[in-house]
Amino acid sequence: MLTNFLTLALRSLWRYRGYTLIHVAGLSIGMAAGLLILLFIRDEFGYDAYHEGADQVYRVTQEVRSETGEAGVHGVLVDPPVAPLLKEAFPEVLYAARLTPVGPSLRRGDQYVSSGDCYWADPDLFDILSVPFVAGDPKTALVEPFSLVLSASKARALFGDAGALGQTVIVNDRDAWTVTGVFEDLPRNTHLPIDVLGSMTTMERWFGQLGWGSPNYATYIRLADGASAAALADKLPAFLERHLGQDAASSRLHLQPLRDIHLRSHLVGELGANGDIRGVYLFGAVGLFILVIASINFTNLSTARASRRAREVGVRKASGAGRPALMYQFLSESVLLALISLAVSIGMVGLAMPFFNAFTGKELAVFGNDSVGYIALYLGLALAVGIAAGSYPAFYLSGFKPIAALKGRLDRGGASGLRAALVTVQFVIAIVLLMSTQTVYRQLTFISEVDPGYRRENVLILPVLWDEMEQFEPIRNRLEAHPDIVAVAQSNPVPSERLSFTVEATVAPAMTTVYPVFVDARFFPAYGIDLVAGRNFSDELASESATGFILNESAVRRLGWASPQDAVGAPMKVGGWGGSVLGVVPDVHFESLHQAIAPMVYYMDPRNYRKVSVRMRAGADLPAVVALLEQEWQRYEPGQPLDYALLDDQMRAVYLPERRLGQLVAGFSVLAFFITGLGLFAMAVHTVERRTKEVGIRKALGASAGAIVLLLARENLRVALVACLIAAPIAMMLMQRWLDGFAYHADFSVWTLLTSAAITVAVAILTIGYQTLRAAQSDPVESLRYE
């Protein structure tokens, strides 16, 4: 019986192979897009899932507020005593470890290797996170000072195929460290990529006992099985009060689940670039939309094709075929088409995967870990779509009487209404995607064109020469003597980097939280930032180091001054330093446009400079400038490669997730319109075939070709316009929520709606135009002979 149904289904599919091709093309493209997106989402939610007992691992974060309770900053770096004291105070904390990011150079002989993602860490780290060792003992690897643990790739870079264990590595061209362990390269889907780990005991040997007041340490803890993180969090205020006294009022410790960090954490001082749960939800919605469009196409074509088989239904019923047999026949054809589409979609995904991985930076695989489960899910989806699409012909058409069926009276108004409703839904989804794409690109254009308040073009960013910081002036003078170099400045951080910590600024009686930026006297001229009041720092006045302050306008307002001029000369205290306000600069977009402009204080502190900014003249010979910088770098750091970047490139990298999102949404929007167009084309063919005799009669009675085209296309054009009206408020609401993630964003434009409507109508006209025009120009005699 099953073989008979399959044979009949294959014959029917071959007989109507044009419809079959459109069926398979539309559904397989939709399934392929959905499967790609599903694999992407699974990877995003899979970050840090490989750690054993990940649900019991938490990161300790710190929120700092002013004494008046004013909101301050929530960051991932906390004071160094927090980890050991938590482990000591609470038995439910089994392990606690600190990490502090560093960027040393590594050398073996004359060979330098970039340290990559390097941290000094406590030994407990290996009891908290799953770091599989290939050499050495994780229990003892980070116990002794000057112990170094390398990833397998770093070990190969330094020692080749020779064993790294027990070998010596020179760190920062100064200290000899011993390799005490080698671990497998960590999976890519981790929020904490690690290449090198040094022992925290080395820091303690250098600086003594690490105390309060230096929040520069990421802290991870593992709780005992069954222990409640919420119960522990309730004890943390009292814990801080015991150790900080009245100063504890300005701090709050929070416990952040390890699995939440990648998608739900955008705190100050993040150790790497995290994803965004909103982007994942949006991408998931795009995949669902495309699947819905493809399924609607499939259903519409199934009902349209079934209505053409009126006489077949009548003949089979007259020959004795029962209703169950007809139901099984229609369902088997529909399910078979869906399964063929699934097979084709998996092949499409395999072909597209290398390009998709290259674009997204992932390492997805169709048949990777747990992918078989997703294929099973898609198999279930294919069966569901096939059954749903075959339900109309199976349960409705099979119930007609043989005489009515033999006369071809099967296409009732209900079926046409259903198809019109489904096509409307298709257009609504496609228009929402189109409007979303335009909104994303408008925002990206706004980001690229907005004035950040400083000159960001033609700036090279270099690391500081640590060993020569006190003799930097001769280096600066040699660089500025080059005709293509305009200015050289030091700072920490540079524009495009996150403001990583806060300090208290006090102007009695007002006090507020501000973000410190360490700059030298050349910083503001190098970036073209003019003071609105007061004066700049002076290189000649050493007393201005950490005693003279320059505020931005936001800080002036937060501290209560009526104008920048009122602030100049006023005494103030910043952190542990007392001094006075030298000047005020305008608010600039130091960070990305995701963040509102923060109250900032600039002051000189050579010990805290981390970056050198080299401004070049417009049209400068970049290779010649880089060659000079390399020459100067090798004078003081022989053999160590120079790591530099263009500020413009760093700014573009800040918005890379948004750019990728825009391109992905645009690409899948094109797919959505293509699938919708396939469905419209097939429906136009069906409409023309169904009304062939009507067209012939109208032409015989004198109807013009234009009138006939309008008659045949009117329904689809009406559907497209109605869809625009429905889609507009939906897209505006969704995109406004996305734009609200930026502190500064473009406004939603009415042109977005108008262009989307125009594109939609154009797609509808182009899709159905050829078929309707051909029908309108056909010979009425041939039309009247039809069937």
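Everything in this summary refers to the structure shown in the same document. (Residues numbered from 1 in each chain as written. Predicted model: local features only at pLDDT ≥ 70, side-chain atom pairs only at ≥ 80, totals over all residues. Heavy atoms only, no water.)

## Topic: the overall build of the protein chain
Stage number 1. Of the regular secondary structure elements, the protein chain holds 25 helices and 25 strands.
Stage number 2. Burial status across the protein chain gives 51% buried among its 787 residues.
Stage number 3. Excluding contacts between residues fewer than 6 apart, the proportion of contacts in the protein chain whose partners are at least 24 apart in sequence is 80%. (Helix = DSSP H or I, 4+ residues; strand = E, 2+ residues; numbered from the N terminus. Buried < 20%, exposed > 50% of the residue type's maximum accessible area, 1.4 Å probe, protein only. Contact = heavy atoms within 4.5 Å.)

## Focus: the nonpolar core
Stage number 1. Tyr527, Phe537 and Tyr602 are the most contacted members of the largest nonpolar core, which totals 120 residues.
Stage number 2. Top element by residues in this core is helix H2 (residues 17-45). It accounts for 12 residues.
Stage number 3. In contact with Tyr527, other than residues within four places in its own chain, are Tyr454, Arg455, Val459, Ile461, Val494, Pro495, Ser613, Arg615 and Leu647.
Stage number 4. Judged by nonpolar contacts, the second largest core, of 28 residues, contains Leu129, Leu142, Leu186 and Leu258. (Core = buried A, V, L, I, M, F, W, Y, C linked by side-chain atoms within 4.5 Å.)

## What to know about a nonpolar patch on the surface
Stage number 1. A surface patch of nonpolar side chains, amounting to about 400 Å² of accessible area, comprises Val722, Ile726, Ile730, Met733 and Leu734.
Stage number 2. Tracing the backbone through its elements, the reader meets Leu734 in helix H23 (residues 705-739).
Stage number 3. With relative accessibility at 35%, the residue Leu734 sits in the partly exposed group. (Patch = residues over 30% accessible without salt bridge, like charges linked within 9 Å, V, L, I, M, F, W, Y side chains within 5 Å. Areas by Shrake-Rupley, 256 points an atom, 1.4 Å probe, with all protein chains shown as cover. Salt bridge = Lys/Arg side-chain N within 4 Å of Asp/Glu carboxyl O.)

## Quick notes on the environment of Thr512
Stage number 1. On the secondary structure map, Thr512 appears in strand E18 (residues 510-519).
Stage number 2. Under the relative-accessibility criterion, Thr512 is labelled buried at 1%.
Stage number 3. As a C-alpha pair, Thr512 and Gly560 span 48 residues in sequence and 9.9 Å in three-dimensional space.

## Remarks on the pairing of strand E13 (residues 217-223)
Stage number 1. In terms of burial, E13 is a largely internal element, seven of the seven residues being buried.
Stage number 2. Burial along E13 is two-sided: the face carrying Tyr217, Thr219, Ile221 and Leu223 and the face carrying Ala218, Tyr220 and Arg222 are both buried.
Stage number 3. With four bridges connecting them, strand E1 (residues 57-64) and E13 associate as antiparallel partners. If you follow Arg59 over to E13, its bridge partner there is Tyr220.
Stage number 4. Note: strand E3 (residues 77-78) against E13, two bridges, orientation antiparallel. Bridge pairing in E13 places Leu77 opposite Ala218. (Pairing = 2+ DSSP bridges.)

## Observations regarding helix H15 (residues 472-480)
Stage number 1. Taken residue by residue, H15 has Phe472, Ile475, Arg476 and Leu479 as its buried positions. Down the axis, H15 shows its buried residues gathered within 100° of arc, on one side only.
Stage number 2. Taken together, the buried residues of H15 touch strand E16 (485-492), strand E24 (611-616) and helix H19 (622-636). (Arc of directions from axis to C-beta.)

## Comments concerning the packing of aromatic side chains
Stage number 1. Applying the stated criterion across every chain, the model contains 13 aromatic pairs.
Stage number 2. Both rings, one in Tyr454 and one in Tyr527, keep their centres 5.9 Å apart while their planes meet at 85°; by these two values the pair is edge-to-face. Taken together, the positions of Tyr454 in the loop between helix H14 (413-449) and strand E15 (459-463) and Tyr527 in the loop between helix H16 (523-526) and strand E19 (533-534) put the pair 73 residues apart, joining distant regions of the chain. Each member of the pair Tyr454 and Tyr527 is classed as buried.
Stage number 3. With centroids separated by 4.8 Å and ring planes inclined at 40°, the aromatic side chains of Phe523 and Tyr527 adopt a geometry described as tilted. Grouping residues by exposure puts Phe523 and Tyr527 together as buried.
Stage number 4. Three or more aromatic residues joined by ring pairs make a cluster, and in this case those are Tyr454, Phe523, Phe524, Tyr527 and Tyr602.
Stage number 5. In this structure, Lys362 packs its charged tip against the face of Phe40, placed 5.0 Å from the ring centre. (Phe/Tyr/Trp six-rings, centres within 6.5 Å; stacked < 30°, edge-to-face > 60°. Lys NZ or Arg CZ within 6 Å of the ring centre and 35° of its normal.)

## Observations regarding the pairing of strand E7 (residues 118-121)
Side-chain positions along a regular strand alternate between the two faces of the sheet.
Stage number 1. A two-sided burial pattern is seen for E7, the buried positions comprising Cys118 and Trp120 on one face and Tyr119 and Ala121 on the other.
Stage number 2. Here strand E4 (residues 93-102) pairs with E7 via four bridges, running antiparallel. By the bridge assignment, Thr100 is partnered in E7 with Trp120.
Stage number 3. Sheet topology note: the E7/strand E12 (residues 196-199) ladder contains four bridges and is parallel. When the sheet's bridge partners are listed, Ala121 is paired in E12 with Ser199.

## Some thoughts on unusual backbone geometry
Stage number 1. In this model, Asn492 is joined to Pro493 through a cis peptide bond whose omega is 0°.
Stage number 2. Within the secondary structure, Pro493 is located in the loop between E16 and strand E17 (503-507).
Stage number 3. Positioned with a positive phi, Asp48 is a non-glycine residue whose angle comes to about 65°.
Stage number 4. For Asp48, the location among the structural elements is in the loop between H2 and E1.

## Topic: the packing of helix H3 (residues 82-89) against helix H7 (residues 229-244)
Stage number 1. In the contact formed by H3 and H7, the axes pass within 12 Å of each other and the chain directions differ by 115°. Classed by the angle they form, the pair H3 and H7 counts as roughly perpendicular. Handedness of the crossing formed by H3 with H7: right-handed. On H7, the residues touching Val82, Leu85, Leu86 and Ala89 of H3 are Leu236, Phe239, Arg242 and His243.
Stage number 2. Its residues placed into classes, the contact of H3 with H7 shows six nonpolar, one polar and one charged. (Axes fitted to C-alpha atoms, helices over the stretch in contact; angles between N-to-C directions. Parallel < 35°, antiparallel > 145°, perpendicular 65-115°, else oblique. Left-handed = near helix turned anticlockwise from the far one by under 90°. Nonpolar A, V, L, I, M, F, W, Y, C, P; charged D, E, K, R; others polar.)

## Section: helix H6 (residues 200-207)
Stage number 1. Those residues of H6 that sit buried are Met200, Thr202 and Met203. Looking down the long axis of H6, one finds its buried residues gathered within 150° of arc, a one-sided arrangement.
Stage number 2. Just downstream of H6, Gly208 is the residue with a positive phi angle, here 80°.

## Focus on the pattern of salt bridges
Stage number 1. For the coordinates displayed, the defined rule picks out 21 salt bridges.
Stage number 2. Between Asp122 and Arg98 there is a salt bridge, with the nearest N and O atoms lying 2.7 Å from each other. Of the two residues, Asp122 is situated in the loop between E7 and helix H4 (125-128) and Arg98 in strand E4; the sequence distance between them amounts to 24 residues. Each member of the pair, Asp122 as well as Arg98, carries the same accessibility label: buried.
Stage number 3. Between Glu457 and Arg455 there is a salt bridge, with the nearest N and O atoms lying 3.6 Å from each other.
Stage number 4. By relative accessible area, Glu457 is classed as partly exposed at 31%.

## Topic: the side chain of Arg98
Stage number 1. For Arg98, a relative accessible area of 6% puts it in the buried group.
Stage number 2. A distance of 3.3 Å separates a polar atom in the side chain of Arg98 from the backbone oxygen of Pro80.
Stage number 3. Polar contacts involving the side chain of Arg98 include one to the side chain of Glu204, which spans 3.2 Å.
Stage number 4. Aside from chain neighbours lying at most four places away, what touches Arg98 is Pro80, Ala83, Pro84, Trp120, Ala121, Asp122, Met200, Glu204, Leu210, Tyr217, Ala218 and Thr219. (Polar contact = N/O pair within 3.5 Å; in protein donor to acceptor, adjacent residues only side chain to side chain.)

## Points about the packing of H15 against H19
Stage number 1. Contact geometry for H15 and H19: axes closest at 11 Å, N-to-C directions at 160°. In terms of orientation, H15 and H19 fall into the roughly antiparallel class. Relative to H19, the crossing made by H15 is right-handed. Of H19, the residues touching H15 (which contributes Ile475, Arg478 and Leu479) are Leu628, Leu629, Glu632, Arg635 and Tyr636.
Stage number 2. Residues belonging to the contact of H15 with H19 are distributed by class as follows: five nonpolar, no polar and three charged.

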